[in-house]
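Close look at the chain arrangement
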Amino acid sequence: MGVYPPSLGRLIEQFSKFPGVGKKSAERLALYVLRSPKELAEGLAQSLLDVKEKIKLCSVCFNLTDTDPCPICTDQRRANGILCVIEGPGDQLAIEKSGAFRGRYHILQGVLSPLDGIGVEDLRISELISRLKKEEIREIILALNPTVEGEATASYLTDFLKGRGLSITRIALGIPLGGDLKYIDSMTLKRSLDNRSPCDS
Amino acid sequence: MEPKKTEAIILRTRDLGESDLLVTFFSSLYGNLKGVAKGARRSSKRFANSLSTFSLVDLQSRERRSGDLVLLESCELLDGFPGIRSDYNLLLRASYMVEMTETLFPSNVPSFEMFQLLRFALEAISKRQNVDESMISFQARAMKIGGFGINLSRCSRCGRQYKGEGRALFHPPSGSIVCLACEKESVMTPGMGPDTVSALHRVQSSERPLSNRLECSDNAVSELKAVLTSHIEHCLGKKLKSAKYLHPIRFQ
Ligand SMILES: [Zn+2]
Ligand SMILES: [Zn+2]
């Protein structure tokens, strides 16, 4: 980094700490900032600080939010007794974009992963239990990713939630739209055949 | 450079950049390796979702000009051990097996024996065949293959030969048995009856990759658990991360 003046060198170093940003891209970003009007740098610096200062976890659903509780948890129209359990904030965003779900969420903040040292007590499971009565939850939708860890977590939760008078469902697993059977792995294909649905319903 | 084709078990995966996957696997021919699966998270065509933890796969890789990472070219799923996905207790055990394999065989140390052991142990627990006994057998065999077999023939203190009469004690610092004349039975030096010693001997010297029937009493099974736990903790220097979660269900 010796070829750059120290302040520019520091900016390159900061950018290169971002995921997926190599040294070359960091240089390009830093030079872009340097050549841009001052407002861009000011706006960027302020947004970076805002994110660190204002964003916190919703104390009810554990989603990222500016206000606590978050807008979804305070929206009475979404209090329909259905709770969608997901791994992280990115998953909530994806489901919201689809517009297919109008209930509330519970974000576990991860999945059970012994290899990474993540156990039951590291997830927001006890908080999930305490919401059941308070919000008169009737149905839990487990929308965890179909990874080994995600599925094992779903089966753990299913056992754990059994016998509480809840309907527990899991999002379906199968062939993606626009997919091609030739390229689908055997496990997915088997599951989609096992879970096939009648055409006249 | 020539592509390498080998069977392997996926030990770990981690997201890399926007669309790649960093994959750690234990291969039958080359041991523990790390590789990059380019575009694996974006398109499912080339890797067909075969790169999940614990999966047995057939994979083709190519060495890169620099660095230790290989480039994964294609991968086909042979067995996803679906049972492990449907039970957290099995996930815990499978994770423990993977962690032990990684610790005993860090990288580029091939061991076909270890590969076979891991493969058959994952298969056994996925099918719920004698889960407890498969686990014990895995622990004892893995230590033996890794060069940490327990010496069952003579007392490491006085050298007296153990011929199967009376109890023997396990002495973790020497990785060997000691006789009752040299040491007292305690948590530090757990005891074993004659049938425990012979069951351990059978597992350690078996010709089969995994013996998931120990053919000994329940009491011998609990003695084996205690001995192997202290042996593994002593040899591997640290507690395995996944052992922490295994503990409450280990003595169920
Ligand atoms: Zn909320
Ligand atoms: Zn002795």
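This part covers the domain arrangement of chain B. Residues and elements named next belong to chain B. Annotation of chain B at the domain level lists domain 1 (4-80) and domain 2 (87-151 + 164-250). On a C-alpha basis, the centres of domain 1 and domain 2 stand 29 Å from each other. Facing the 12 residues of domain 1 at the interface are 17 residues of domain 2. Of all the secondary structure elements, the ones that give two or more residues to the side of domain 1 that touches domain 2 are strand 1 (4-16) and strand 3 (31-37). Among the elements that make up the side of domain 1 that touches domain 2, the one with the highest residue count is strand 3 (3 residues).

All right, on to the packing of helix 3 (residues 112-126) of chain B against helix 4 (residues 131-145) of chain B then. Residue and element names in this part refer to chain B. Across the interface, helix 3 lies against helix 4 with an axial gap of 10 Å and an inter-helix angle of 170°. For the element pair helix 3 / helix 4, the angle class is roughly antiparallel. Residues E113, M114, L117, A121, A124 and I125 of helix 3 pack against V131, S134, F138, R141, A142 and I145 of helix 4. When its residues are assigned to classes, the contact of helix 3 with helix 4 shows 9 nonpolar, 1 polar and 2 charged.

Residues D68 of chain A and P69 of chain A are joined by a peptide bond in cis, for which omega reads -5°. By the secondary structure assignment, P69 of chain A is in the loop between strand 2 (64-65) and helix 4 (71-74). We note that E136 of chain A has phi near 50°; this positive angle belongs to a residue other than glycine. With respect to the helices and strands, E136 of chain A occurs in the loop between helix 6 (125-134) and strand 5 (139-142). Backbone geometry places N130 of chain B, a non-glycine residue, at a positive phi of 40°. Here N130 of chain B is to be found in the loop between helix 3 and helix 4. Classification of N130 of chain B by C-beta neighbours within 10 Å gives partly exposed; the count is 16.

Let's shift gears to the sheet that holds strand 4 (residues 104-107) of chain A. Residue and element names in this part refer to chain A. Pairing is parallel across the open sheet formed by 4 strands, whose spatial order is 4-3-5-6. Sheet topology places strand 4 and strand 6 (167-170) at the edges, where each strand pairs with a single neighbour. Taken over all neighbouring pairs, the strand axes of this sheet differ in orientation by 25° on average, direction set aside. Relative to strand 5, strand 3 (residues 82-86) is paired through 4 bridges, and the arrangement is parallel. Each bridged residue has a counterpart across the sheet, and for L83 the counterpart in strand 5 is I140.

Okay, the environment of D66 of chain A next. Residue and element names in this part refer to chain A. Take D66: it is sitting in the loop between strand 2 and helix 4. Taking the number of C-beta atoms within 10 Å as the measure of exposure, D66 has 12 and is therefore exposed. Here the alpha-carbon distance between D66 and R124, two residues 58 residues apart in the chain, equals 20 Å.

On to the packing of helix 2 (residues 88-104) of chain B against helix 4 of chain B. Residue and element names in this part refer to chain B. Where helix 2 meets helix 4, the axes come as close as 11 Å, and the angle between the chain directions of the two elements is 5°. With respect to helix 4, the axis of helix 2 lies roughly parallel. Within the contact between the two elements, helix 2 uses R93, M97, M100, T101 and L104 and helix 4 uses V131, M135, F138 and A142. Of the residues belonging to the contact of helix 2 with helix 4, the class tally is 7 nonpolar, 1 polar and 1 charged.

Cut-offs applied
- Residues numbered from 1 in each chain as written.
- Chains lettered and ligands numbered in written order.
- Predicted model: local features only at pLDDT ≥ 70, side-chain atom pairs only at ≥ 80, totals over all residues.
- Domains from an automatic or database assignment.
- Contact = placed C-beta atoms within 7 Å.
- Helix = DSSP H or I, 4+ residues; strand = E, 2+ residues; numbered from the N terminus.
- Axes fitted to C-alpha atoms, helices over the stretch in contact; angles between N-to-C directions.
- Parallel < 35°, antiparallel > 145°, perpendicular 65-115°, else oblique.
- Nonpolar A, V, L, I, M, F, W, Y, C, P; charged D, E, K, R; others polar.
- Buried ≥ 20, exposed ≤ 12 C-beta atoms within 10 Å, placed from the backbone.
- Pairing = 2+ DSSP bridges.

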